[in-house]
Amino acid sequence: MSELKSSMIDSVMDALGDVKDPEIASVSILDLGMVHEVDVTDDKVRISVLPTFSGCPALHIIERDIKKAIENVEGITSAEVKFVFTPSWTTDRITPEGRESLKEFGISPPPANHVMGEPWEIDCPYCGSTYVTMENIFGPTACRSILYCKSCKNPFEAMKPVADMG
Amino acid sequence: MTVGMSFNQLSEEEKMTHFLDRINAGEKIEPDDWMPEDYRLQLIRLISMHGISEIMGALPEKEWVPKAPSLHRKLAIMAKVQDEMGHGQLLLRVAEDLMAPLGKNRHDIMEDLFSGKLKFHNVFHMDAPTWGDAGIIAWLVDGAAIISQSMMLDSSYGPYARALKRICAEEVFHAQHGESIILAMAEGTPEQREMLQDSLNRWWESLIMFFGPKSAKETGNSNADKNIMYKIRTKTNEDLRQEFFTKYIPRIWSLGLTIPDDTIRFDEDSQMWIYKDADWSKFKQIVSGNGPQSQNRLDLRRRSYKNNEWVRTALAAKKAI
Amino acid sequence: MTQETLKPQEKKALIELLYQLADDDFLLAFRGSEWLGLAPHIEEDVAFSSISQDMMGHANLYYNLLENIGEGEADRIAHLRSPNQFRNAIILEEVNGPGTYLKEPDYDWAFTVVRNYFYAVHKHIRLDSLRHSSYEPLAEAARKIMTEQYYHLMHWEIWFKQLMTSTDEAILRMTAAIQKVWKDFGGVLTLGPYYEDIVKANLIDDENVMKKRWNNKIEAVLKEVGASYPGEPRMERGNGRNGVHTEDLKQATATLSEVYATNPATGW
Ligand SMILES: [Fe+2]
Ligand SMILES: [Fe+2]
Ligand SMILES: [Zn+2]
């Protein structure tokens, strides 16, 4: 890869760091591991993005925000955004920074290397206690659950683990 | 001697002083902390009304869920009403902890809703007869909610402030979804524009009412003032309404829509919007359950609560084993 | 297989299958959305509306696959077909109970639990097979949908087992609901008149194999909760895969397309 091309990709990635999840203001699509591939040819960039869930109604907004962010990257005149399902997005794709930001937001990050069908342990994102109860597997958004911490008495949310089922 | 013991030996007055010192220093009050009875009652009133408004608020939009005019709109409005229900659950959970020392629980909240003792937001008592209303609700009602809820992100009560942080982020998403509906209609056919203007006309007074009266004299209660003292909220009703005007009036005008108030203008001298005030006696009527849809929507809830009693009994029986 | 390598007969079979998959989820998601605000408790309102949203998303994916192979715009497919062009099973279009979602709904929770649980079991079996579909875009979609549907199945299984082992009234209502659903659930388990072409193209497993898996699973669950297995589910009101439907579908499609149909050409 030419030096110019790799520096352009870096600038695009920088810009993508500013594209936030429309429902979680502090987490970017990079933090969530939604960006699959970035490909620059001349002044064009093609970005393939993995939706976190199939009925996600925010894809239009994410696409718009990506294009807006890319507009300002020097040397790029057009951006194409493609949503793909392969590879499948899994919660293991969330970066360490993403996991931290989720916690600050009151959302407990999913366990690493989860196997679908097995129980998972969740700590309170506020006080770290494991003395929590699952109040609802389904939360305000499709990818989260509602829990309650019996130690600090805060309701909080947790991301449902999503792993590849083969 | 532990701190807890010494605190218990304080007089009520000293406890109160200590409490006010804490909230004035920006500390968060937690569920098991000592709090004045009045603070507890204010929180219960505010949070249970907020929670139940989220739940009742899903009903006018629900009317449009299946009818949403594209697959994408169907998904977006389903996601929105789903969020609102989730907000309701989170908030009622916070309210339940506050009510526990008074021997009350979720069942009491529902009973109070059905009996009319627990009020919900004026906007959710209103008719939503067209798809334009679904757009206006998401754009402007959620927009208004963002303004009034953002002020409470720093609320002195910890669990409420924390839940609001996530709730507000989702409300922003709702307002974007609403704005997108509005834009599509504003750029659409003359019929679509007319439908949109009709909806705005229908909702304008309700939006003025959303923030509550200017001062206690219109409704004869001073909850807003008390909540400011307790640092549950930081701004007056009128502050919030002005903020709403500043944010949305220019946008409404730029879409070529007309606000159904020919006196509305920004006054440079006072740096305030001058507008036609709402009819607050009508407001009182609406929130006490006499709005055009109040009883219909309450009936939906009452009816399903009754129809599903056997389910709750069955679940309770399982738990008892 | 990809879009380019499909033979005409395979394409025809694929289109039939995609309509079945899309319409099943579309109709049941719609029936689910009618429950919003009417569920037994708030937690269930949150969960059920989440599941319905997911299912609408799945229908949307399938409609988009149809769009991609030349069946026209996804929105037109979803909103402008006449009822006899729908390929969903009849039991999935059935109303939730007396009344409408706007007026005096006397919806039946037992029926809803049974219908959704039985469907979720079948949907899981179907997705498990579709993951290896010869049509790669469909296999990809199935792999994604499966991670979400996993939680739906879990949800309805808990409801089913709880209500089937609780109060006498709950058991009575659930048993009646099973009888009602059984009369037409055979319609979900069939691949319809083009079944042989669908299987020959390796799009999905043989319907008899999947039927057996479903029967085995349900028989075991019924035994676990102390109920008896009523024999093969039937198709009393006809086969939705043939375009045979009831008045309930007419009412459903009229509602679903009410706004869109006023002007399909404009942006909404
Ligand atoms: Fe909300
Ligand atoms: Fe909202
Ligand atoms: Zn905690």
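Our structure's up above, just so we're on the same page.
Because the structure is a prediction, the values reported are computed rather than measured.

A few words on the sheet that holds strand S7 (residues 132-136) of chain A. Residue and element names in this part refer to chain A. Read across the open sheet, the four strands follow the order S6-S9-S8-S7; overall the sheet is mixed. Of all strands in the sheet, those bounded by a partner on one side alone are strand S6 (107-108) and S7. In terms of strand pairing, strand S8 (residues 144-149) meets strand S9 (residues 155-159) through five bridges, oriented antiparallel. For leucine 147, the partnering residue across the bridge sits in S9 and is phenylalanine 156.

On to the interface of chain B and chain C, then. With 46 residues of chain B in contact, the opposing surface of chain C contributes 54 residues. Carbon and sulfur atoms make up 65% of the surface buried where chain B meets chain C, a total of about 4,400 Å² over both sides. Among the residues of chain B in contact with chain C, Lys62(B), Leu71(B) and Trp310(B) are the three that bury the most area, contributing 18% of the side total. Where chain B touches chain C, the interface holds four salt bridges. Across the pair Asp45(C) and Arg301(B) runs a salt bridge, and its minimum N-O distance is 2.9 Å. The tally of links between chain B and chain C comes to 21 residue pairs in polar contact (both at pLDDT 80 or more). Looking at the side of chain B that touches chain C, the elements with two or more residues in it are helix H3 (37-62), helix H4 (71-99), helix H5 (106-115), helix H7 (158-186), helix H13 (294-307) and helix H14 (309-320) of chain B. The leading source of residues in the side of chain B that touches chain C is H4(B), at 12 residues. Grouping the constituent residues of the side of chain B that touches chain C by class yields 25 nonpolar, 11 polar and 10 charged.

Turning our attention to the coordination of the zinc ion (ligand 3). Bound to the zinc ion (ligand 3) are the protein donor atoms Cys124(A) (SG), Cys127(A) (SG), Cys149(A) (SG) and Cys152(A) (SG), situated 2.3 Å from the metal. For the zinc ion (ligand 3), the four donor atoms in the first shell make angles of 106 to 114° at the metal, so the coordination geometry reads as tetrahedral.

Scoring rules and cut-offs
Residues numbered from 1 in each chain as written. Chains lettered and ligands numbered in written order. Predicted model: local features only at pLDDT ≥ 70, side-chain atom pairs only at ≥ 80, totals over all residues. Heavy atoms only, no water. Pairing = 2+ DSSP bridges. Helix = DSSP H or I, 4+ residues; strand = E, 2+ residues; numbered from the N terminus. Contact = heavy atoms within 4.5 Å. Buried area = accessible area lost by both parts, 1.4 Å probe. Salt bridge = Lys/Arg side-chain N within 4 Å of Asp/Glu carboxyl O. Polar contact = N/O pair within 3.5 Å; in protein donor to acceptor, adjacent residues only side chain to side chain. Nonpolar A, V, L, I, M, F, W, Y, C, P; charged D, E, K, R; others polar. Donors = N, O, S within 2.8 Å, 3.2 Å for Na, K, Ca; no water. Tetrahedral: all angles 85-135°; square planar, octahedral: opposite > 155°, others 65-115°.

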